[in-house]
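# Structural features, examined
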Amino acid sequence: MSHSVKIVSTVRDLRQATADWRRSGKTIALVPTMGALHPGHVSLVRQAKDRADKVVVSIFVNPTQFAPHEDLARYPRDEAGDVAKLAEAEADLVWAPGVDEMYPAGFSTGVKAGSASADLEGAFRPHHFDGVATVCAKLFNQVTPDVAIFGEKDFQQLAVLRQLVDDLNMPLTLIAAPTVREADGLALSSRNAYLSEKERAIAPALYATITEAAERIAAGTPFSVVTTDATARLVEAGFTKVDYIGVRDAATLSAATVPGKPLRILAAAWLGKTRLIDNVAAGSQP
């Protein structure tokens, strides 16, 4: 018998569903997404099922984390396909609010992201993490999950949300799930659909380059030399622009200048009109 997944689009219906679970003593996991689901998202759902009795997957393309010049209008959307994938993965509930439900007329409150948002993505997308923090605070309050699962591909986002949960004493645990990759190393992303055939052939160089950078750091090469060389390598591979390659403290995302702590190398680069991000550990995880 095929699994069916319930879809709700109002906070009232969502809270009614989760209240019934709470009354029967069930634990709840939340997997926040913007839809256009791929196997990486499905892996988060499967991990969520291992962590809780019930799994809620949110699908909401959040306008407040997009700048006016970014790809909100063309961001891929496929709710029917997403629901089919979530039914196959045996999620229990899809929370799919409209913009008017999340940001009704008169909405004016926001959450300012903490220090982990200060540079890297924060420098190139100045209001992005405030939008992420605000929508995730709303999702956490709406669903009231015991745990929420996020992929490590958006590593800076994960750091920002850890600060949010810790600083505001939110009663949930964040779980970091490893990045899911194609066979050639490219991190799965909904935006990969934008890549042309030629660009898709170049794209794995991002992961290969930061992996080599991590190995060079482990061998004692100065950070500045590593990041300069990695930037040049991406340009040589065919990337049209490199926004950043940064070596950061893995726990705080503060700038790292010397080895000895768990580190993370984070990168963002453009292939044509598509911006790809990725990251790898450079040392053991905190």
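Overview of the structure. (Residues numbered from 1 in each chain as written. Predicted model: local features only at pLDDT ≥ 70, side-chain atom pairs only at ≥ 80, totals over all residues. Heavy atoms only, no water.)

## Comments concerning the packing of helix H6 (residues 128-143) against helix H7 (residues 155-167)
- In contact at an axis separation of 10 Å, H6 and H7 are set at 55° when each is read in the N-to-C sense. The angle between H6 and H7 places the two elements in the oblique class. As H6 runs across H7, the sense of the crossing is right-handed. Seen from H6, the contacting residues are Phe129, Val132, Ala133, Cys136, Ala137 and Phe140; seen from H7, they are Gln156, Gln157, Val160, Leu161, Leu164 and Val165. (Axes fitted to C-alpha atoms, helices over the stretch in contact; angles between N-to-C directions. Helix = DSSP H or I, 4+ residues; strand = E, 2+ residues; numbered from the N terminus. Parallel < 35°, antiparallel > 145°, perpendicular 65-115°, else oblique. Left-handed = near helix turned anticlockwise from the far one by under 90°. Contact = heavy atoms within 4.5 Å.)

## Description of the sheet that holds strand S7 (residues 241-249)
- Read across the sheet, 3 strands follow the order S7-S8-S9 without closing on themselves; strand pairing throughout is antiparallel. Each edge of the sheet is formed by a strand with only one pairing partner; in this case those strands are S7 and strand S9 (274-282). Across the sheet, the mean angle from the axis of one strand to that of its neighbour is 10°, orientation sign disregarded.
- With 9 bridges connecting them, strand S8 (residues 263-271) and S9 associate as antiparallel partners. In the strand pairing of S9, alanine 267 is matched with aspartate 278.
- Lying on the sheet, helix H9 (residues 205-218) is in contact with S7, S8 and S9; it crosses S9 at an angle near 25°. (Pairing = 2+ DSSP bridges.)

## What about the sheet that holds strand S3 (residues 54-59)?
- As summarised here, the arrangement of the 6 strands in space is S1-S4-S3-S2-S5-S6, forming an open sheet in which the pairing is parallel. Pairing within the sheet leaves two strands with one partner each, and these edge strands are strand S1 (6-8) and strand S6 (173-177). Neighbouring strand axes in the sheet, compared pairwise and without regard to direction, differ in orientation by 25° on average.
- Helix-sheet contacts for helix H1 (residues 11-23) involve S1, strand S2 (28-33), S3 and strand S4 (93-95), and the interaxial angle to S4 is about 150°.
- Along the sheet, helix H2 (residues 39-51) makes contact with S2, S3, strand S5 (147-151) and S6, crossing S5 at roughly 150°.

## Observations concerning H9
- Across its 14 residues, H9 extends 20 Å between first and last C-alpha, which sits within 8% of the 20 Å expected from 1.5 Å per residue.
- Taken residue by residue, H9 has Ala205, Leu206, Thr209, Ile210, Ala213, Ala214 and Ile217 as its buried positions.
- Where H9 is buried, its residues touch helix H8 (197-202), helix H10 (223-237), S7, S8 and S9.
- Following H9 by one or two positions, glycine 220 has its phi on the positive side, about 100°. (Expected span 1.5 Å × (residues − 1). Buried < 20%, exposed > 50% of the residue type's maximum accessible area, 1.4 Å probe, protein only.)

## Details of H6
- Between its first and last C-alpha, H6 extends 22 Å over 16 residues, near the 22 Å set by a 1.5 Å rise per residue.
- Summarising burial for H6: 14 of the 16 residues are buried, a large majority.
- Following H6 by one or two positions, threonine 144 has its phi on the positive side, about 45°.

## Focus on the packing of aromatic side chains
- This model, assessed by the stated rule, comprises 5 aromatic pairs.
- Judged by centre distance (6.0 Å) and plane angle (40°), the rings of phenylalanine 124 and tyrosine 244 are tilted. Of this pair, phenylalanine 124 sits in helix H5 (residues 121-124) while tyrosine 244 sits in strand S7, and the two are 120 residues apart along the sequence.
- Judged by its relative accessible area of 10%, tyrosine 244 is buried.
- Pairwise contacts between aromatic rings join Phe60, Tyr103 and Phe107 into one cluster.
- Directly above the ring of tyrosine 194 sits arginine 74, whose terminal nitrogen or CZ lies 3.9 Å from the centroid. (Phe/Tyr/Trp six-rings, centres within 6.5 Å; stacked < 30°, edge-to-face > 60°. Lys NZ or Arg CZ within 6 Å of the ring centre and 35° of its normal.)

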